[in-house]
Amino acid sequence: MTRRRPGMLVGVTVVAALAAGVAPWLPSYPLTLLTQAMIVAILAMSLDVLLGFTGLPSLGHAAYFGVAAYAVAILTTERQSGFVLCLIAGIVTAAVTAALFGLIAIRATGTYFLMITLALGMVVWGLAFRWVSLTKGDNGISGVPRPDLGLPWSLWGPLPFFYFSLACALVAILLLGLIVASPFGMSLKGIRESESRMRILGYNVWLHKYLAFIIAGTFAGFSGVLWAYYNGFVSPVDVQLVTSVEALLMVALGGPGTLLGPAAGAAIIVFLKNFVSVYTKRWLLILGAVYIGVILFAPRGLAGAFHRRSS
Amino acid sequence: MVSSEFWIIQTFNGLSYGALLFLLASGLSLIFGVMRVVNLAHGSYFMLGGYVGLSVVWRTGSFAAAVLAGAVAIGLIGIAMERLFLRRLPGQTLGQVLMTIGFALIFQDLALLIWGGDPYSIPVPRFLQGAVRAGALSFPTYRIFIIVVAVVVAALLWLALDRTRVGARIRAAVDDGEMAQGVGINVPTLSLAVFGLGACLAAAGGVIGGAFLGVYPGADFEVLPYAFVVVIVGGLGSLPGAMVGSLLVGLLDNFGKALFPELSYFTLFAPMALILALRPTGLFGRA
């Protein structure tokens, strides 16, 4: 891992520079999709901390993404709050939700962890769907304005907002990369490989898992804040089970435990979903086939397949 | 508003909904118990069962034929899914989750393709229409019928599991699959049968439920969380757990919707989270 880090750093820089360089010549639709990919990549990477590095498959990760998005939507439409307040409020809401849910979920392992996170995700979905006075229920909250950062370029334009999202994604990659490469991140991998061994070695396994859970929730919240601004609209769809599973697919497709793999997985799914739905109404059918195909033919994700070939 | 009549009627409604949930969730629980598969396509069996039943009712006019056809057709789909796909992923929880959700998406789209996006309702047979009156209260016959069906299915399942040789084998496989295989029980065949049975029950629930919830796109993902809550609360792989869980969820859901409409899902999922916090394996489950 440590050995490969310079390579990854170079890779990220090249891809980011390439994207930044090409962006001004792209038509607005692909540019919008690229922006969406950046934002969703943060969600996928946050889930990778949990699934790939700690070995905890969360089936309710959309919950933290969603509460942050709702926080931004409510604050901007009801209170006309500014970007900094919304950013902090969104991330803190997600972190607090994760801290609360983590207390319940971390006790369980394996399938039970999966089921409990599913149930906790449904709690949030239920509130989004039914607590109409706060969330407007099924209709969702529309009219979230783009943030005003006091810059000379308005973020209403697709190009400035793309650069803004790219910068945010880079910040997330940097922070998450530092976390997973730190001694703490190494301990998480140790827990993934053998929980009992780490316990015998004197590590506080529960605390490590709990912190990983909160970190994952916090970054999912960051992604959710950006999503609310990007989409301008937040609804129960953003917190539903299928959204959580889609995040799992992105991680599985890219390769769990590689951080950048899930980011690539996110980009692929975003483009696939949007392009396929342009050409055919049957895109759910194709997406379903992608789920099954990934599991059958690339069980370790694209990063795994690539790695196997190169070694 | 909160009179004794309110309590009786709401309790009755909760019980009948719980009975329907039992048909859906008992299969899910058994499937998990034997195979440790988290089947996110289970709600799709319910929805597809409803659609197949609908088509059969339109052609034949027979409700019994609809239930039978729905159960058999979807049972076969379940068997094919297990034999051809899920069997390749033993012990891979994440893989199973992604694969079953993949199937759920495909089923959802196929249903939309075949039956369109309009909501339908399966007509209730004449002898189940109307209501039974008791003083000022009236209980719809069809809801009583659902409760009776669930009680009969529960009794049959319990007898089969507790009193027959196959049932003993299933219980052995739930307790320890490897050990069961070791003493000569054919666990793969057993898994196939249990998976088929689970799909059958869910589909039968879909046809029966289609007459009072309706048959519509999205029903799959609407009932799925309920089935999971039942199974989680009751404990994975436990039949008594599925019974108690279904009733509990049916009642909680019904009273939650009647008393606190804004927080109704919360009143369902929050007690479940609480139960899990205290007993991570559910009320009747074993680690």
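Residues numbered from 1 in each chain as written. Chains lettered and ligands numbered in written order. Predicted model: local features only at pLDDT ≥ 70, side-chain atom pairs only at ≥ 80, totals over all residues. Heavy atoms only, no water.

**What to know about the overall build of chain A**
Along the backbone of chain A there are 14 helices and 2 strands. Against the compact-globule benchmark of 19 Å for 311 residues, chain A has a radius of gyration of 19 Å, which places it among compact chains. By residue count, 57% of the 311 residues in chain A fall in the buried class. Considering only contacts within chain A whose residues lie at least 6 apart along the sequence, 77% involve residues at least 24 apart. By element, 69% of the accessible surface of chain A is carried by carbon and sulfur atoms, the whole surface being about 13100 Å². Distance between charge centres in chain A, computed from 19 positive and 8 negative side chains, equals 10 Å. (Helix = DSSP H or I, 4+ residues; strand = E, 2+ residues; numbered from the N terminus. Rg over C-alpha atoms; globule rule 2.2 N^0.38 Å. Buried < 20%, exposed > 50% of the residue type's maximum accessible area, 1.4 Å probe, protein only. Contact = heavy atoms within 4.5 Å. Areas by Shrake-Rupley, 256 points an atom, 1.4 Å probe, with all protein chains shown as cover. Lys, Arg positive; Asp, Glu negative; His and termini not counted. Charge placed at Lys NZ, Arg CZ, Asp CG, Glu CD.)

**A few points about the pattern of salt bridges**
Any two side chains of opposite charge can pair, so long as their charged atoms come close to each other. Residue and element names in this part refer to chain A. Scanning all chains against the criterion turns up 9 salt bridges over all chains. E193 is the salt-bridge partner of R192, the closest N and O atoms lying 3.0 Å from each other. What emerges from the salt-bridge pattern is a single network uniting E195, R199 and K209. (Salt bridge = Lys/Arg side-chain N within 4 Å of Asp/Glu carboxyl O.)

**Quick word on unusual backbone geometry**
Phi at L259 of chain A is positive, roughly 60°, even though this residue is not glycine. Note that L259 of chain A resides in the loop between α11 (241–254) and α12 (260–279). Despite not being glycine, R36 of chain B has its phi angle at roughly 60°, a positive value. As for its placement among the helices and strands, R36 of chain B is situated in the loop between α1 (4–35) and α2 (42–60).

**Some words on the packing of helix α2 (residues 28–53) of chain A against α11 of chain A**
All names here are of chain A. Where α2 meets α11, the axes come as close as 9 Å, and the angle between the chain directions of the two elements is 75°. Considering their axes alone, α2 and α11 lie roughly perpendicular with respect to each other. Across the interface between the two elements, V40, L43, A44, L47, D48 and L51 from α2 touch A247, L248, M250 and V251 from α11. Within the contact of α2 with α11, the residues separate by chemical class into 9 nonpolar, no polar and 1 charged. (Axes fitted to C-alpha atoms, helices over the stretch in contact; angles between N-to-C directions. Parallel < 35°, antiparallel > 145°, perpendicular 65-115°, else oblique. Nonpolar A, V, L, I, M, F, W, Y, C, P; charged D, E, K, R; others polar.)

**Examining the pairing of strand β2 (residues 137–140) of chain B**
Only one face of β2 of chain B is buried: it carries L137 and F139 of chain B, and the other face, with S138 and P140 of chain B, is open. Taken together, strand β1 (residues 131–134) of chain B and the strand that follows it, β2 of chain B, pair antiparallel across an intervening segment of 2 residues, in which G135 of chain B is found at a positive phi of about 65°. (Pairing = 2+ DSSP bridges.)

**Concerning the interface of chain A and chain B**
Much of the literature gives interface size as the accessible area that the parts lose upon coming together. Opposite the 40 residues of chain A that make contact, chain B presents 45 residues. Between chain A and chain B, the buried area comes to about 3900 Å², and carbon and sulfur atoms account for 80% of it. It is Y112, M115 and R130 of chain A that lose the most area in chain A upon contact with chain B, and together they represent 18% of the buried surface on that side. Summed over the shared surface of chain A and chain B, the result is 1 salt bridge. The residue R282 of chain A makes a salt bridge to D109 of chain B at a minimum N-O spacing of 3.0 Å. Inspection of the region where chain A meets chain B yields 2 residue pairs in polar contact (both at pLDDT 80 or more). Elements with a minimum of two residues in the side of chain A that touches chain B: α5 (110–130), α6 (132–135), α11 and α13 (283–297) of chain A. Here the element with the most residues in the side of chain A that touches chain B is α5 of chain A; it accounts for 15 residues. (Buried area = accessible area lost by both parts, 1.4 Å probe. Polar contact = N/O pair within 3.5 Å; in protein donor to acceptor, adjacent residues only side chain to side chain.)

**Points about the packing of aromatic side chains**
Residue and element names in this part refer to chain A. Per the stated rule, a full pass over the model turns up 27 aromatic pairs over all chains. Arranged with centres 5.6 Å apart and planes meeting at 75°, the rings of F83 and F164 form a pair that is edge-to-face. One end of the pair, F83, is in helix α4 (residues 83–105); the other, F164, is in helix α7 (residues 158–181), with 81 residues separating them in the sequence. The pair formed by F83 and F164 is uniform in burial state, with each residue classed as buried. Taken together through their ring pairs, the aromatic side chains of F65, F83, F161, F164, W227, Y229 and Y230 make up a single cluster. Between R146 and the ring centre of F161, over which it is positioned, the NZ or CZ distance is 4.0 Å. (Phe/Tyr/Trp six-rings, centres within 6.5 Å; stacked < 30°, edge-to-face > 60°. Lys NZ or Arg CZ within 6 Å of the ring centre and 35° of its normal.)

**Focus on the pairing of β1 of chain B**
Bridge count for β1 of chain B against β2 of chain B is 4 bridges, and the pairing is antiparallel. When the bridges of β2 of chain B are listed, A131 of chain B appears paired with P140 of chain B.

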